[in-house]
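# An overview of the molecular structure
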Amino acid sequence: MITISADFECRSDVNLKSSGAYLYMQSAFTEMLILCFSIDGGTVQTWVRGEPAPKDFFDAVAQGAQVSAHNCAFETLCFDLMSDRHGWPKIPYEQ
């Protein structure tokens, strides 16, 4: 099975610590800045805001890759935001 480790860096006008992740992600001013990821323990790749969705990442997802992250619930919200606002492919929650 293919595995992906992923980590977003983002910013917002909402204070994450005092408001929580859901309100943070609902702000129109929340934006993803960088996504770093590694496929099967390989070289870390970096996507930067403004670039197209990372093809290697979503090719692996389409092949059924299991996506993991240090704070998985937060990263899931990040991927949902990118899907909803920027047309990135949805990642099934079971992945």
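Details of the structure are given in the entry above.
Since we're looking at a predicted model, the values are computed, not measured.

## Observations regarding the nonpolar core
Phe8, Met32 and Phe57 are the most contacted members of the largest nonpolar core, which has 24 residues in total. At the level of secondary structure, the elements contributing two or more residues to this core comprise β1 (3-11), α2 (21-26), β2 (31-39), α3 (55-62) and α4 (72-86). The greatest single-element share of this core, amounting to 6 residues, is contributed by α4.

## With respect to unusual backbone geometry
Here Asp40, not a glycine, exhibits a phi torsion of approximately 50°, which is positive. In this fold, Asp40 is placed in the loop between β2 and β3 (45-48). By relative accessible area, which is 47% here, Asp40 ends up partly exposed.

## Focus: the environment of Phe37
The residue Phe37 is located in strand β2 in this model. Among residues more than four places away in sequence, those in contact with Phe37 are Ile4, Ser5, Ala6, Thr43, Val44, Gln45, Pro54 and Phe57.

## Focus on the packing of aromatic side chains
The full count for this structure, using the stated rule, is 8 aromatic pairs. With a centroid separation of 4.8 Å and an interplanar angle of 70°, the aromatic rings of Phe8 and Phe79 are classed as edge-to-face. Highlighted residues: Phe8 in strand β1 and Phe79 in helix α4, separated in sequence by 71 residues. Note on Phe8: relative accessible area 3%, which makes it buried. In this structure Phe79 comes out as buried when scored by relative accessible area, which is 9%. An angle of 65° between the planes, with centres 5.0 Å apart, marks the rings of Phe57 and Phe58 as edge-to-face. Considered together, Phe57 and Phe58 belong to a single accessibility category, that of buried residues. A connected cluster of aromatic rings, assembled from ring pairs, spans Phe8, Phe37, Trp47, Phe57, Phe58, Phe79 and Trp88.

## Things to note about the pattern of salt bridges
Enumeration over the complete set of coordinates arrives at 5 salt bridges. We note a salt bridge from Arg49 to Glu31, for which the minimum N-O separation is 3.3 Å. Of this pair, Arg49 sits in the loop between β3 and α3 while Glu31 is found in strand β2, placing the two residues 18 residues apart along the sequence. Judged by relative accessible area, Glu31 falls into the partly exposed class, the value being 22%. For the salt bridge of Asp59 with Lys55, the shortest nitrogen-to-oxygen distance reads 2.7 Å. In this pair, Asp59 and Lys55 both sit in helix α3, 4 residues apart, roughly one turn of the helix. For Asp59, a relative accessible area of 32% corresponds to the partly exposed category. The class for Lys55 is exposed, based on a relative accessible area of 58%. One connected set of salt bridges, linked through shared partners, spans Arg11, Glu31 and Arg49.

Conventions and cut-offs
- Residues numbered from 1 in each chain as written.
- Predicted model: local features only at pLDDT ≥ 70, side-chain atom pairs only at ≥ 80, totals over all residues.
- Heavy atoms only, no water.
- Core = buried A, V, L, I, M, F, W, Y, C linked by side-chain atoms within 4.5 Å.
- Buried < 20%, exposed > 50% of the residue type's maximum accessible area, 1.4 Å probe, protein only.
- Helix = DSSP H or I, 4+ residues; strand = E, 2+ residues; numbered from the N terminus.
- Contact = heavy atoms within 4.5 Å.
- Phe/Tyr/Trp six-rings, centres within 6.5 Å; stacked < 30°, edge-to-face > 60°.
- Salt bridge = Lys/Arg side-chain N within 4 Å of Asp/Glu carboxyl O.

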